[in-house]
Amino acid sequence: MDSKAPKALLKAQKLANLLDTAVKLPIIPIRIGLDSIVGLIPGAGDALMLLVSLRIVWLGKSLGMPSALVAQMVKNSAIDFGLGFVPFIGDIVDVFYKANLKNVRLMEKWWISENKADVDAQTQKKLTEWEEKLERQ
């Protein structure tokens, strides 16, 4: 029984964090990522970030996620892409609409639901080991 998160999910998590929350802005408690920064380049920046965002969607699809969830991920990425075409306002909204993190949350929830029994069993095993260790002390 090994219910560790698959490599595709871990890659998606790292990529989403890089794109959406890699940089903490000074003074104000907001985190931004490459998506917000590169998205400032009119047109090309948003197009490039859409391609990178679709990598997360592809990773979800490679895990075997249902088509409806993959479609929701594509929709989230398309909304993020569309926001980038609204001058100035779109760049501000993009800071708060973190499509990549939304997509990874969909992946995580789906993966946990598919592997709940294994995750619960592994958690129970670790808890039992911890309790036994405490009793021996």
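The rules we used
Residues numbered from 1 in each chain as written. Predicted model: local features only at pLDDT ≥ 70, side-chain atom pairs only at ≥ 80, totals over all residues. Heavy atoms only, no water. Helix = DSSP H or I, 4+ residues; strand = E, 2+ residues; numbered from the N terminus. Buried < 20%, exposed > 50% of the residue type's maximum accessible area, 1.4 Å probe, protein only. UniProt positions renumbered as here; feature names shortened; annotations may be inferred. Phe/Tyr/Trp six-rings, centres within 6.5 Å; stacked < 30°, edge-to-face > 60°. Salt bridge = Lys/Arg side-chain N within 4 Å of Asp/Glu carboxyl O. Polar contact = N/O pair within 3.5 Å; in protein donor to acceptor, adjacent residues only side chain to side chain. Axes fitted to C-alpha atoms, helices over the stretch in contact; angles between N-to-C directions. Parallel < 35°, antiparallel > 145°, perpendicular 65-115°, else oblique. Left-handed = near helix turned anticlockwise from the far one by under 90°. Contact = heavy atoms within 4.5 Å. Nonpolar A, V, L, I, M, F, W, Y, C, P; charged D, E, K, R; others polar. Core = buried A, V, L, I, M, F, W, Y, C linked by side-chain atoms within 4.5 Å. Patch = residues over 30% accessible without salt bridge, like charges linked within 9 Å, V, L, I, M, F, W, Y side chains within 5 Å. Areas by Shrake-Rupley, 256 points an atom, 1.4 Å probe, with all protein chains shown as cover. 1 Å grid on protein atoms, 1.4 Å probe; cavity = no way out; pocket = protein on both sides within 12 Å on 5 of 7 lines; lining within 4 Å. Points joined across faces, edges and corners; volume = space filled by probe spheres on them.

J.: Account for the environment of lysine 4, with residues named and values stated.
T.: Tracing the chain through its elements places lysine 4 in the segment before α1 (7-20). By relative accessible area, which is 61% here, lysine 4 ends up exposed. C-alpha separation for the pair lysine 4 and aspartate 118, spaced 114 residues apart in sequence, amounts to 9.4 Å.

J.: Explain the UniProt feature "transmembrane region" (unreviewed entry) in the chain to me, using residue names and the numbers behind them.
T.: Sites flagged by UniProt as "transmembrane region" (unreviewed entry) map to residues 37-58 and 78-97. Taken end to end, residues 37-58 comprises 77% helix and 0% strand; its first and last C-alpha atoms sit 23 Å apart.

J.: Summarise the packing of aromatic side chains; cite the residues concerned and give the values.
T.: All chains considered together, the criterion is met by one aromatic pair. The interplanar angle of 90° and the centroid separation of 5.0 Å between the aromatic rings of phenylalanine 81 and phenylalanine 85 together place this pair among those described as edge-to-face. Assessed through its relative accessible area of 26%, phenylalanine 81 is described here as partly exposed.

J.: Quick rundown of the pattern of salt bridges? Include the residues and the values.
T.: Where charged atoms of side chains with opposite charge meet at close range, the side chains can pair. Summed over the entire model, instances satisfying the criterion amount to three salt bridges. Two residues, arginine 105 and glutamate 108, come together in a salt bridge whose shortest N-O distance is 3.1 Å. Of this pair, arginine 105 and glutamate 108 both sit in helix α6 (residues 99-114), three residues apart, roughly one helical turn.

J.: Which residues make up the environment of threonine 123, and what values go with them?
T.: Structurally, threonine 123 is set in helix α7 (residues 116-136). Only 2.8 Å separates the side chain of threonine 123 from the backbone oxygen of valine 119, close enough to count as a polar contact.

J.: Break down the packing of α1 against helix α3 (residues 44-62) for me, with residues and values.
T.: The relative placement of two packed helices is expressed as an angle between their axes plus a distance between the axes. The contact between α1 and α3 brings their axes to 9 Å, and the two run at 160°. In terms of orientation, α1 lies roughly antiparallel with respect to α3. Note on packing geometry: the crossing formed by α1 with α3 is left-handed. In this structure, α1 uses Ala8, Lys11, Ala12, Leu15, Ala16 and Leu19 to contact α3, whose residues at the interface are Met49, Val52, Ser53, Arg55, Ile56, Leu59 and Ser62. Residue classes in the contact of α1 with α3 are distributed as nine nonpolar, two polar and two charged.

J.: Kindly report on the nonpolar core, identifying the contributing residues and their values.
T.: By size, the foremost hydrophobic cluster in this structure holds 19 residues, and its most contacted members are Ala12, Ile56, Met65, Met73 and Met107. Looking at this core, the elements that each hand over two or more residues are α1, α3, α4 (67-83) and α6. Setting aside its immediate chain neighbours within four residues, methionine 73 contacts Ile56, Val57, Met65, Asn103, Leu106 and Met107.

J.: Could you give an account of a nonpolar patch on the surface, naming the residues involved and the relevant values?
T.: Together, Val86, Phe88, Ile89, Ile92, Val93 and Phe96 give the surface a local cluster of nonpolar side chains, amounting to about 570 Å² of exposed area. Relative accessible area serves as the criterion here: at 39%, valine 86 is assigned to the partly exposed category.

J.: Lay out empty space enclosed by the protein in plain terms, naming residues and giving numbers.
T.: Evaluation of the coordinates by the stated rule reveals one cavity of 30 Å³ or more. Along the walls of the largest cavity sit Asp35, Asp46, Met49, Leu50, Ser53, Ser77, Asp80, Phe81 and Asp94, which together make up its complete lining. Among the secondary structure elements, those contributing two or more residues to the lining of the largest cavity are α3 and α4. At four residues, the largest contribution of residues to the lining of the largest cavity is made by α3. When the residues that make up the lining of the largest cavity are grouped by side-chain class, the tally is three nonpolar, two polar and four charged.

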